[in-house]
Amino acid sequence: MSMPLTQAPPETLLQALRSIVGEKNVITAAEEAAVYDCDGLTFHKALPGAVVFVQSTAEVSAAVKVCHVANYPFVARGAGTGLSGGALALDAAIVIELARMNRILEINPAERYAVVEPGVVNLHVTKACAAYGLHYAPDPSSQGACTIGGNVAENSGGPHTLKRGVTANHVLGLEVVLPDGEIATFGGPVPGAPGYDLTGLFNGSEGTFGIATKIWCQLTPNPEAVKTLLAVFPTVDAAGRAVSGIIAAGIIPAALELIDKTVIQAVENWLHLGFPLDAGAVLLIELDGLRDGLDELAERIGAVCRENHALSFRAARDNAERLLLWKARKQAFGAVGRISPSYYVQDGVIPRTRLPEVLARIEASGNKFGLKTGNVFHAGDGNLHPLIFFDERDPRQLQAALDCCAEVLTAVIEAGGMLSGEHGIGIEKLGFMHQVFSEDDLDAMRIIRGVFDVKNLCNPGKAIPTRRCWEIKGHEPPALAFGVKRAHA
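So, here is what we can say about the structure in this document. Model, not experiment: these values are computed from the prediction.

1. Side note on the layout of surface pockets
In this structure, the second largest pocket encloses a volume near 810 Å³. Of all elements in the fold, only α4 (122-129), β9 (134-135), β14 (225-233), β16 (281-289) and α11 (319-330) reach the threshold of two or more residues within the lining of the second largest pocket. Per-element tally for the lining of the second largest pocket: the top contributor is α11, with six residues. Split by residue class, the lining of the second largest pocket holds eleven nonpolar, eight polar and eleven charged.

Shown next as structure tokens:
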């Protein structure tokens, strides 16, 4: 669904941007800007008014300042791997493209942190510090392509979130360009700074509070030992019960991932990893930590799986097999291209004990709309990623996929869940926010957003339903933004 241009940047603004970054670093031709008209959620599209390639904090600041003065909207963009329409240039906004800000500025193994620019690819951080026995823990499935700046915007997670936490748990500080172009620093290399946690507040703000231009990433020591397990189940229901049983037994694996039959078959037909094609579901379970005790934990997990009717249970024989198992999980979304021309991946979080019930509702919704569904997700923390298969070229199938998705999100909400675990709200889920939050809740969020972005120019139309904060219960336009500029909390 393409969104027509509702305005165009004034030539004076474009000339100001060219004077900052150079003529060749400002794209205005529609055929070139069209490359940036969507993110990973490809059926929502909006043509940017211009795309501006920046290479430094100074250039970001200058570009934002001229947009602010011109009262013209802008949106930061990295690799474009997001899945909620969060990087769309609504209202012909200026795209500030950060991909060239891709330097790792510092690795400090003694203090266990790295300083990176926002365009650094997630996996490159771990590769850069591997020689020191360290890694960057957040590991989205797209970690080979997604960037740290985008991870901060969406507060991304990944398979190891269950034990390690999400991006906000591993970011010590941020240098940010605020929506009026001023530069602020939140946090820094020393954890636990006093005052308000503005670093935590900025994480997950979906690019609506400003643009991160420097990130202090906390690094994690590599574990002494890792053991990866594969449990095969006759049904998704049995696998879901095993997930709850493992956590109820007081065991917190490093990762606990569920892959259902549809996705197993797609992965196996592509990668030929030896997955059983007749399995209803598999659990990929990873333990890490001190070598002593891992075998005992694995035996306890095996007992829980067998109690829930596991057909087989085994450990990866060596690191090569472990990497193959993780390849199946990390490349599962790519594998489904073999069975469907298009797919819609959703992102909701539910209580673990409701997994069997909600997974059954997902399958029933697909059947209702004549669409096949599949599941591959972070089962340990209840972060669902149901896949809805359809043909985007058929308008009827596209509408059916959207209707099916709406039922899936309704099932998540009715199970006591939340709309997103890591993909964000973007534009995709705005219509569901009123089902989860009261108007008072949303008003509070709008007030906070207004503190950072008085003019509502910074990625407008995303994350929360729009309403000017000074219309809320008699509030005046927030003046606190001037205090935020100077924050070094």
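2. Section: the sheet that holds strand β5 (residues 74-77)
With respect to topology, four strands assemble into an open sheet ordered β2-β4-β6-β5, the strand pairing being mixed. The two strands at the open ends of the sheet, each matched to only one other strand, are β2 (26-27) and β5. In the sheet, β2 pairs with strand β4 (residues 50-53) via two bridges, with the strands oriented antiparallel. Paired with V26 across the two strands is V52, which belongs to β4. Seen against the sheet, helix α1 (residues 11-21) touches β2, β4 and β6 (94-97) and runs at an angle of roughly 20° to β4. Running at roughly 170° to β6, helix α3 (residues 57-69) makes contact with β4, β5 and β6 of the sheet.

3. Topic: the pairing of strand β11 (residues 183-187)
Bridge count for strand β10 (residues 171-177) against β11 is five bridges, and the pairing is antiparallel. Each residue of the ladder has a partner; that of E175, found in β11, is T185. Counting the residues that bridge the hairpin from β10 to β11 gives five residues, and of these G181 lies at a positive phi of roughly 95°.

4. Let's talk about the side chain of D37
Within the secondary structure layout, D37 lies in the loop between α2 (30-33) and β3 (45-46). Here D37 is buried and forms no salt bridge, its nearest opposite-charge partner K45 lying at an N-O distance of 4.9 Å. Apart from residues no more than four positions distant in its own chain, D37 is found in contact with H44, K45, A46, L47, P48 and L88.

Thresholds, definitions, all that
Each chain has its residues counted from 1, following the order in which its sequence is written. Local features in this predicted model are restricted to residues whose pLDDT is 70 or higher, and side-chain atom pairs enter the listing and the counts only when it is 80 or higher, whereas totals over whole chains, interfaces and linings include all residues. The basis for every side-chain value is the complete set of heavy atoms in the structure, and neither hydrogens nor water enter the calculation. Think of a 1 Å grid over the protein atoms and nothing else: a 1.4 Å probe that fits but is trapped marks a cavity, an open set flanked by protein within 12 Å on at least five of seven lines marks a pocket, and residues with an atom within 4 Å of a point count as lining. Grid points are joined across faces, edges and corners, and a volume is the space filled by probe spheres set on the points. Runs of E in the DSSP output that reach at least two residues are strands. Runs of H or I that reach at least four are helices, and both are numbered from the N terminus. Each residue is assigned to one class: nonpolar for Ala, Val, Leu, Ile, Met, Phe, Trp, Tyr, Cys and Pro, charged for Asp, Glu, Lys and Arg, and polar for all the others, Gly among them. Two strands qualify as a pair provided that DSSP identifies no fewer than 2 bridges between them. In this description, contact between two residues means that some pair of their heavy atoms is separated by no more than 4.5 Å. Lines fitted to C-alpha atoms define the axes, with helix axes restricted to the stretch in contact, and inter-axis angles between N-to-C directions lie between 0 and 180 degrees. Think of it in three bands: with a 1.4 Å probe and only protein chains considered, a residue is buried below 20% of the maximum accessible area for its type, exposed above 50%, and partly exposed in between. By the counting scheme adopted, Arg and Lys are positive, Glu and Asp are negative, and His together with the chain ends is not counted. Each salt bridge in this description consists of a side-chain nitrogen of Lys or Arg and a carboxyl oxygen of Asp or Glu lying within 4 Å of one another.

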